[in-house]
Amino acid sequence: MKKIVVLHGVNLNMFGRRDPAQYGSVTLSEINGKLHELAAELNIVLECWQTNHEGEMVEKIHALHEARVDAVVINPGAWTHYSYAVMDALAILTVPIVEVHMSHVHAREPFRHISLVAPLAKGQITGFGMNSYLLGLRAAWSLVLDEPT
Ligand code: DQA
């Protein structure tokens with residue numbers, strides 16, 4: 001079975017309580033629950049993980065490199081736009097990366113139009129709320145589908 005890890009970055013544990021106009025009312029644990037349902041359907045081993053600490057995110061990405069997971073789906077939150085450290089860590093990975101955002105970052109403030117992750121990612125899914133994650137997991141799955149386990 002393929003193993004895919006979904007990484008949630010800074011402030012994303014506050015989904016459901018932050019800026020409902022952008023992020024709706026869904027909580028991170030509801031998102032993770034839906035991701036696990038989809039993973040069961042697609043026969044994927046899934047881990048969902050969140051941190052508010054940049055160094056912890058970097059170390060988690062290093063650990064994923066050692067663990068040889070098949071793909072990574074990441075919503076880095078605000079780190080997307082400025083963290084060279086998260087970008088450099090992701091650049092070490094050799095597996096497909098899919099970038100996701102709940103809100104439509106390109107329709108928001110100009111600083112959100114820049115993604116340091118996008119050049120490393122196979123693609124970016126942005127603006128579909130919780131569905132961005134579900135589409136991101138499907139995209140990651142389709143990228144690793146044909147490779148032998
Ligand atoms: C976000 C978009 C980022 O600009 C923002 O800093 C976030 C959430 C999203 O999921 O829409 O924290 O990544």
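Presented here is an overview of the structure given in this document. Note that the structure is predicted; figures quoted are calculated from it, not measured.

1. A short note on the sheet that holds strand β4 (residues 97-101)
Line of reasoning, step 1. In spatial order, the strands read β2-β1-β3-β4-β5; together these 5 strands make up an open sheet with parallel pairing. Every other strand in the sheet has two partners, leaving β2 (44-50) and β5 (123-126) as the edge strands with one partner each. Ignoring strand direction, the axes of neighbouring strands in this sheet form an average angle of 20°.
Line of reasoning, step 2. Note that strand β1 (residues 2-10) and strand β3 (residues 71-77) share 6 bridges and pair parallel. Within β3, the residue paired with Val-10 across the bridge is Gly-77.
Line of reasoning, step 3. Contacting β1, β2 and β3, helix α3 (residues 54-67) crosses the sheet at an angle of about 170° to β1.

2. Some points on the site of the ligand
Line of reasoning, step 1. Leu-12, Arg-18, Tyr-23, Asn-75, Gly-77, Ala-78, His-81, His-101, Met-102, Ser-103, Val-105 and Arg-112 make up every residue found near the ligand.
Line of reasoning, step 2. Measuring from an oxygen atom of the ligand, one finds a backbone N or O atom of Ala-78 at 3.2 Å.
Line of reasoning, step 3. Between an oxygen atom of the ligand and a main-chain N or O atom of Met-102, the distance comes to 2.8 Å.
Line of reasoning, step 4. Look at the ligand: alone it shows 320 Å² of surface, and the protein chains cover 98% of it.

3. Considerations on the packing of α3 against helix α5 (residues 84-92)
Line of reasoning, step 1. The geometry of α3 relative to α5 is characterised by a closest axis approach of 9 Å and an angle of 5° between their N-to-C directions. The angle between α3 and α5 falls in the class roughly parallel. Residues Glu-54, Met-57, Val-58, Ile-61, His-62 and His-65 of α3 lie in contact with α5, whose contacting residues are Ala-85, Val-86, Ala-89, Leu-90 and Ile-92.
Line of reasoning, step 2. When its residues are assigned to classes, the contact of α3 with α5 shows 8 nonpolar, 2 polar and 1 charged.

4. Remarks on the pattern of salt bridges
Line of reasoning, step 1. What the rule picks out here adds up to 6 salt bridges.
Line of reasoning, step 2. Lys-34 is paired through a salt bridge with Glu-37; the nearest N and O atoms lie 3.9 Å apart. Placement of the pair is Lys-34 and Glu-37 together in helix α2 (residues 28-42), with a separation of 3 residues, close to one helical turn.
Line of reasoning, step 3. Note on Lys-34: relative accessible area 38%, which makes it partly exposed.
Line of reasoning, step 4. Of the charged contacts in the structure, one is a salt bridge between Arg-108 and Glu-109, with a shortest N-O distance of 3.7 Å.

5. Concerning the nonpolar core
Line of reasoning, step 1. The biggest cluster of nonpolar side chains holds 26 residues, and the ones touching the most others in it are Ile-4, Phe-15, Ile-31, Leu-35, Tyr-133 and Leu-137.
Line of reasoning, step 2. If you list the elements that add at least two residues to this core, you get β1, α2, β2, β3, β4 and α6 (130-144).
Line of reasoning, step 3. Looking at which element gives the most residues to this core, the answer is α2, with 6 residues.
Line of reasoning, step 4. Not counting residues within four places of it along the chain, the set of residues in contact with Ile-31 comprises His-8, Phe-15, Val-26, Met-102, Met-130 and Tyr-133.

Rules used in this analysis
Residues numbered from 1 in each chain as written. Predicted model: local features only at pLDDT ≥ 70, side-chain atom pairs only at ≥ 80, totals over all residues. Heavy atoms only, no water. Pairing = 2+ DSSP bridges. Helix = DSSP H or I, 4+ residues; strand = E, 2+ residues; numbered from the N terminus. Axes fitted to C-alpha atoms, helices over the stretch in contact; angles between N-to-C directions. Contact = heavy atoms within 4.5 Å. Near = heavy atom within 4 Å. Polar contact = N/O pair within 3.5 Å; in protein donor to acceptor, adjacent residues only side chain to side chain. Areas by Shrake-Rupley, 256 points an atom, 1.4 Å probe, with all protein chains shown as cover. Parallel < 35°, antiparallel > 145°, perpendicular 65-115°, else oblique. Nonpolar A, V, L, I, M, F, W, Y, C, P; charged D, E, K, R; others polar. Salt bridge = Lys/Arg side-chain N within 4 Å of Asp/Glu carboxyl O. Buried < 20%, exposed > 50% of the residue type's maximum accessible area, 1.4 Å probe, protein only. Core = buried A, V, L, I, M, F, W, Y, C linked by side-chain atoms within 4.5 Å.

On their own, these measurements won't tell you what the molecule is for.
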